[in-house]
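Tertiary structure, described
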Amino acid sequence: MNPATYLTRAARLYPSNPAIFSGTTQITDYAGFADRAARLGQGFSEKYGIGSGDRVALFISNCPEYLDLLYGVWFAGGVVVPINHKLHPREVAWILNNSDASLVIAEGQQADTLQTTGSCPVLDVSSDAYRDLASASPLSDPVPRASDDLAWLFYTSGTTGRPKGVMISCGNLQAMILSYFTDVDAARTEDTSLYAAPMSHGAGLYNFIYVLRGARHVVPTSGGFDPAEIIGLAGHHGNICMFAAPTMIRRLVSQAREQGYDGTGLRTIVYGGGPMYLADIQDAVEHLGSRFVQIYGQGESPMSITALSRDLVCDRSHPNWAARLASVGTAQSCAEVRIAGPDGDTLPAGEIGEILVRGPQVMLGYWQNDKANAEALQDGWLWTGDMGTMDADGFVTLRDRSKDVIISGGSNIYPREVEEALIAHPNVAEACVVGQTDPEWGEIVIAYVVCEKGTALTASELDAFCLDQIARFKRPKTYHFVNELPKNAYGKVLKTALREREGVTHT
Ligand code: AMP
């Protein structure tokens, strides 16, 4: 089914429900939203020849038009290629060429720069040409698409090597959506979906849940994550549901503490995308209440590998509550999940191996990349590249990306465990641990630490703190105190950059 059908249905059921907001200002209702998408769909096909399976790249920051554009491309039968607007034009040109895009939508200066690369036609979302397109006569129905047809071609962030195009089909999206309603949050019409994380990444995929319910979509006027603005929008709209990376939650909690805010107006905060440290989630629940659900997914199986429910995030009575809270939860309804050794055999409960997933939400494969497909997809299972364990009750705990594991004196050290120990110190704001080549040990542990504002720490203080919590051989041998950690365009810490600094090159 074409994903644009979700919108045409919602527009019939809830024509006058408010649909899209810029901050507190309503831009359109559901009838208007569907009409705008149908006109864009017609414009794309008439002016740019976009038809079934053609790729249209969106290289814009979060804005209300993002939603019109997504559905406009799908209306015409096209495939969305979302591109993070922070990427360098050279990186964008590479993605446009690799995906053989028929059109790229960009804005202002970035649109001008892309024109000069000549990769494909460029449409500036702030131009008259765009306004003309949006006033074409509307397509009556979305172009039919089958379950295996491509809908979303998402490029991995490429922290090592070239990004790979992850092919997500209409059927993959459907499985992801149904699982979300079942395992993450039973979204309702009175909810408000807030886009504070990049819509070119996972946050863009949340729209379906709320379109299906005829609920509100709010793009903050800041275009990003501003904790004070979010608290204001929560007061204005109420029932806010949003995705937030763990670092965003830390910032939100610290703002809440400053303002004496208790979470009123926030309904669901879905977190994931990177490790959430135990101390941080406990702090978040204490300050903001029972509003958190965790998901574990990746571009290759979006939002849909495991989930830790709202109740489990708040539970403090089960004998294993702390271990469960430190886990990423249990398999979502559409996913089979197992932990495998290098030969692909399933490992017993509690043993560390690679996390494998199978199900209707797993990508069709990587775009024109047989080598990567052969590595990642074997016998129908997706090898996630994440190392973890599963306990006897089915809870999966992530250790690290397989390439991030440090091998010191023949023992595996999982950086996450050391980072958990460091972050538990009240003066530590962020911590990241990587390996450095060492003639005696093979690798030794190096820590990068960002202190909380206005505080300081010494290596010996942190050494004593670690010795209290983890085995001696796991503790960092060197500490670098830095102002910030290097992060990619999605806010993920670039361990590769830190390793390169330490003279270690893992691929
Ligand atoms: P991406 O494909 O960019 O969304 O990145 C996916 C990766 O982020 C996964 O393979 C994990 O390494 C990490 N990740 C996603 N969700 C979680 C989570 N809940 N906890 C820890 N790491 C996560």
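This one's a predicted model, so the numbers in the text were calculated from it and none came from an experiment. (Residues numbered from 1 in each chain as written. Predicted model: local features only at pLDDT ≥ 70, side-chain atom pairs only at ≥ 80, totals over all residues. Heavy atoms only, no water.)

Strands sit in the order E2-E1-E10-E9-E11-E12-E13-E14-E15 across an open sheet of 9 strands; the sheet is mixed. This sheet does not close on itself; its edge strands, each paired only once, are strand E2 (25-29) and strand E15 (330-331). Both strand E12 (residues 266-271) and strand E13 (residues 292-298) contribute to a ladder of 3 bridges, which runs parallel. Paired with Ile 269 across the bridge in E13 is Phe 292. Set on the sheet, helix H9 (residues 227-237) makes contact with strand E1 (18-22), strand E9 (192-194), strand E10 (216-219), strand E11 (240-244) and E12; between it and E11 the angle comes to about 155°. (Pairing = 2+ DSSP bridges. Helix = DSSP H or I, 4+ residues; strand = E, 2+ residues; numbered from the N terminus. Contact = heavy atoms within 4.5 Å. Axes fitted to C-alpha atoms, helices over the stretch in contact; angles between N-to-C directions.)

Here the focus is the site of the ligand. Lining the immediate surroundings of the ligand are 16 residues, of which Ile 295, Gln 298, Gly 299, Asp 386 and Lys 492 lie closest. Contacts to the ligand include Ile 295, whose backbone N or O atom sits 2.8 Å from a nitrogen atom. Gln 298 has a polar side-chain atom sitting 2.8 Å from an oxygen atom of the ligand. Within the complex, 88% of the 500 Å² of free accessible area of the ligand lies under protein. (Near = heavy atom within 4 Å. Polar contact = N/O pair within 3.5 Å; in protein donor to acceptor, adjacent residues only side chain to side chain. Areas by Shrake-Rupley, 256 points an atom, 1.4 Å probe, with all protein chains shown as cover.)

Read from one edge of the open sheet, 3 strands run E24-E25-E26, paired in mixed fashion. Each of the sheet's edge strands pairs with one partner strand only, and the pair in question is strand E24 (428-438) and strand E26 (478-481). The mean inter-strand angle of the sheet, taken between neighbouring strand axes irrespective of direction, is 25°. Bridge analysis of E24 against strand E25 (residues 442-451) gives 10 bridges, and the strand direction is antiparallel.

A few words on the packing of aromatic side chains. Remark: the centre distance and the inter-plane angle together describe each pair of aromatic rings, the angle taken between the planes. Enumeration over the complete set of coordinates arrives at 11 aromatic pairs. Where Tyr 206 meets Phe 243, the ring centres are 5.9 Å apart and the plane angle is 35°; that geometry is what we call tilted. Highlighted residues: Tyr 206 in the loop between E9 and helix H8 (207-213) and Phe 243 in strand E11, separated in sequence by 37 residues. Residue Tyr 206 is classed as buried on the basis of its relative accessible area, which comes to 5%. Among the aromatic residues, those joined into a ring-pair cluster are Tyr 6, Tyr 30, Phe 33, Tyr 71, Trp 74 and Phe 208. For the cation-ring pair, Arg 213 lies above Phe 181, with the distance from its terminal atom to the ring centre recorded as 4.5 Å. A cation over a ring is seen here: Arg 338 above Trp 381, with NZ or CZ 4.5 Å from the ring centre. (Phe/Tyr/Trp six-rings, centres within 6.5 Å; stacked < 30°, edge-to-face > 60°. Buried < 20%, exposed > 50% of the residue type's maximum accessible area, 1.4 Å probe, protein only. Lys NZ or Arg CZ within 6 Å of the ring centre and 35° of its normal.)

Moving on, we come to unusual backbone geometry. Here Asp 100, not a glycine, exhibits a phi torsion of approximately 55°, which is positive. By the secondary structure assignment, Asp 100 is in the loop between helix H4 (89-99) and strand E5 (103-106). Exposure remark for Asp 100: the relative accessible area of 51% places this residue in the exposed category. Its identity as a non-glycine residue notwithstanding, Asp 379 has a phi of 50°, on the positive side.

Moving on: the domain arrangement of the chain. Each assigned domain of the chain is listed here: domain 1 (4-390) and domain 2 (405-503). Of note, the centres of domain 1 and domain 2, computed from C-alpha atoms alone, are 31 Å apart. Taken residue by residue, the interface counts 21 residues in domain 1 and 18 residues in domain 2. Contact between domain 1 and domain 2 buries roughly 1600 Å² in total, counting both sides, with carbon and sulfur atoms accounting for 57%. Across the domain 1-domain 2 interface, the total number found is 1 salt bridge. The closest approach of N and O atoms between Arg 250 and Glu 452, which form a salt bridge, is 3.0 Å. At the junction of domain 1 with domain 2, the criterion picks out 6 residue pairs in polar contact (both at pLDDT 80 or more). For the side of domain 1 that touches domain 2, the secondary structure elements donating two or more residues are helix H10 (246-259) and helix H11 (278-288). Grouping the constituent residues of the side of domain 1 that touches domain 2 by class yields 10 nonpolar, 8 polar and 3 charged. (Domains from an automatic or database assignment. Buried area = accessible area lost by both parts, 1.4 Å probe. Salt bridge = Lys/Arg side-chain N within 4 Å of Asp/Glu carboxyl O. Nonpolar A, V, L, I, M, F, W, Y, C, P; charged D, E, K, R; others polar.)

What follows concerns the packing of helix H1 (residues 4-13) against helix H2 (residues 30-48). Contact geometry of H1 with H2 gives a least axis separation of 8 Å together with a crossing angle of 145°. Our pair here, H1 against H2, has a crossing hand that is left-handed. Between H1 and H2, the contacting residues are Leu 7, Ala 10 and Ala 11 on the first element and Tyr 30, Ala 31, Phe 33, Ala 34 and Ala 37 on the second. Looking at side-chain class alone, the contact of H1 with H2 contains 8 nonpolar, no polar and no charged residues. (Left-handed = near helix turned anticlockwise from the far one by under 90°.)

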